[in-house]
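Inside the fold
Chain by chain, the residues:
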Amino acid sequence: MSLRPKEHAVLGLASVVVAAACLFALNGAFPRQEASPDPAVAEISSGVPAAPAEGVPVADLSVPFSVPDSDFLDAPSMPFPPQELPSTPVSEASPKLAAVPAKAPRPAAKNFSCAGQICIDADSGETLSALRAQTRCPPASVTKLMTIFVVLDAVDAGEISLSAPVVASRRAQDMGGTQVYLAEGEVNSADNLLYALMLQSANDAAVALAEAVAGSTENFVARMNAKARELGMTRTEFSTPHGLPVSRRERAQGKQPDMTCAEDLAKLARALISAHPEVFRYTAETSKLFREFRLDAKPLPMGNHNTLLKTFPGCDGLKTGWTNAGASIVATASRGGRRVVAVVLGGIVPGAAKGVPDARASQRERNQRAAELMFDGLRRIDALKYEPTPRTP
């Protein structure tokens, strides 16, 4: 059937309208991606200061940030909100983890003192700042950093696997202090016990792992001291896999407390991060359930005692400790591929009773001092990294 000229014109116009409508719809569904303007150019052209790029902190050192109280007496706490961990290795941290606080930490309280402190560049081992770093002091639960080091060494050597069943002994059951309440004969995987060791700071988990790896805590402690000598920790001697103070009866039998210094703990942390980067699986986790998939026991909430994980951007470890000898911490944080390790050993704020430290204040100010050290250390590294090269005449 042939069409008249007018009909041809109407059909042609209709085709144009339909094509334009399709193009409009496609443009709405798939908008053209234009390059983001340079903030500086936008500011010049509009006369309005440009907003900073997302994720880039605004430098403002006028208002200090504060680290909240740490867990009282390193006791079990309710879990913190879950934290999504990076899928990439921590050494290749995402921009979110690589950030540092835009505001400098407030200084630790004037009545806070510690046995020793140090901050090092984790890559080079260079000391960035130190104060009485070779003074010896009991490290409390920071001892567990060497415990996990020896266990992970055993995993690499094929002596034990992370999925291996570990049976709790009567000795593990009878451990005091912070624990996950292991019962004699209870079976858990080595992996779950490592979470209990690092999040809950569980002393019974430390004993169970030590016995599983070396047959007894005594044999395990011998491995800990051998590792310390291998790492050049010349002022360190371990007596336990957990860091609890020795009792009067044990002292009468000649047993000495765990002793170390800030400098040695920095060496330990640097070596641990290098040899076993998988350690961040445990130290960067903020909360987890113990006995999570067990039908015969109620799950136990575990919360990480290291509150710097939530308050200091880039912090992903490592371990806190507390006894009446003082509050200690080995903390680490990264920025732009560079990492620092800060150690505060035997931190004390005097309490109301003479000779007895204020536990809560001591732990809070310990965290403040560690935050100070990491902030200053990362800033020093940046200054060295971006220092201009002198021009030759």
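For the structure, see preceding data.
What you are looking at is a predicted structure, and each value in this text was computed from that prediction instead of being measured.

Definitions and limits used
Residues numbered from 1 in each chain as written. Predicted model: local features only at pLDDT ≥ 70, side-chain atom pairs only at ≥ 80, totals over all residues. Heavy atoms only, no water. Helix = DSSP H or I, 4+ residues; strand = E, 2+ residues; numbered from the N terminus. Buried < 20%, exposed > 50% of the residue type's maximum accessible area, 1.4 Å probe, protein only. Contact = heavy atoms within 4.5 Å. Core = buried A, V, L, I, M, F, W, Y, C linked by side-chain atoms within 4.5 Å. Phe/Tyr/Trp six-rings, centres within 6.5 Å; stacked < 30°, edge-to-face > 60°. Lys NZ or Arg CZ within 6 Å of the ring centre and 35° of its normal. Pairing = 2+ DSSP bridges. Axes fitted to C-alpha atoms, helices over the stretch in contact; angles between N-to-C directions. Parallel < 35°, antiparallel > 145°, perpendicular 65-115°, else oblique. Left-handed = near helix turned anticlockwise from the far one by under 90°. Nonpolar A, V, L, I, M, F, W, Y, C, P; charged D, E, K, R; others polar. Expected span 1.5 Å × (residues − 1).

1. Quick notes on the overall build of the protein chain
Broken down by element type, the protein chain carries 13 helices and 11 strands. Relative to its 393 residues, the protein chain shows a buried fraction of 46%. Long-range pairs, those at least 24 residues apart, make up 70% of the contacts in the protein chain between residues at least 6 apart in sequence.

2. Comments concerning the nonpolar core
A general trend in soluble globular proteins is that nonpolar side chains are found buried together. Counting 65 residues, the largest nonpolar core has Met146, Ile148 and Val330 as the members making the most contacts within it. Ignoring anything within four residues of it in the chain, the contact list for methionine 146 reads Met224, Lys227, Ala228, Leu231, Met233, Phe238 and Leu268. If you look at the next biggest cluster of nonpolar residues, it comprises 24 residues, including Val340, Val349, Leu373 and Met374.

3. As for the packing of aromatic side chains
Evaluated as defined, the whole model comprises one aromatic pair. Positioned above the aromatic ring of tyrosine 195, the side-chain terminus of lysine 288 is 4.5 Å from the ring centre.

4. Brief notes about the sheet that holds strand β2 (residues 127–131)
Taking strand neighbours across the sheet as the criterion, the five strands line up as β2-β1-β11-β10-β9 in an open arrangement whose pairing is antiparallel. Only two strands of the sheet have a single partner each, and these edge strands are β2 and β9 (315–323). Strand-to-strand, the axes of this sheet are offset by a mean angle of 5 degrees, without reference to chain direction. Pairing of strand β1 (residues 116–121) with β2 involves four bridges; the strand directions are antiparallel. Looking at β2, one finds that isoleucine 120 is bridged to threonine 127.

5. Observations concerning the packing of helix α4 (residues 144–156) against helix α6 (residues 190–200)
Following both chains from N to C, one finds α4 and α6 inclined at 160 degrees, their axes separated by 10 Å at the closest point. Put simply, α4 runs roughly antiparallel to α6. The two elements α4 and α6 meet at a crossing, and its hand is left-handed. Contact with α4, carried on its side by Lys144, Leu145, Thr147, Ile148, Val151 and Leu152, involves Leu194, Leu197 and Met198 of α6 and no other residues of that element. Looking at the contact of α4 with α6 residue by residue, the class counts come to seven nonpolar, one polar and one charged.

6. Regarding helix α10 (residues 262–275)
If you check α10, its first and last C-alpha atoms are 20 Å apart, about what 14 residues at 1.5 Å a residue would give, namely 20 Å. Every buried residue belonging to α10 is among Ala262, Asp264, Leu265, Ala266, Leu268, Ala269, Ala271, Leu272 and Ile273, and all of these are buried.

7. Considerations on helix α7 (residues 203–214)
Under the 1.5 Å per step criterion, the end-to-end length of α7 is 17 Å for 12 residues, consistent within 8% with the ideal 16 Å. Looking at α7, one finds that the buried residues are Asn203, Asp204, Ala205, Ala206, Val207, Ala208, Leu209, Ala210, Glu211, Val213 and Ala214. Residues of α7 that are buried make contact with α4, β4 (165–167), α5 (170–173), α6 and α8 (217–230). Phi for glycine 215, located one or two positions after α7, is positive at around 90 degrees.

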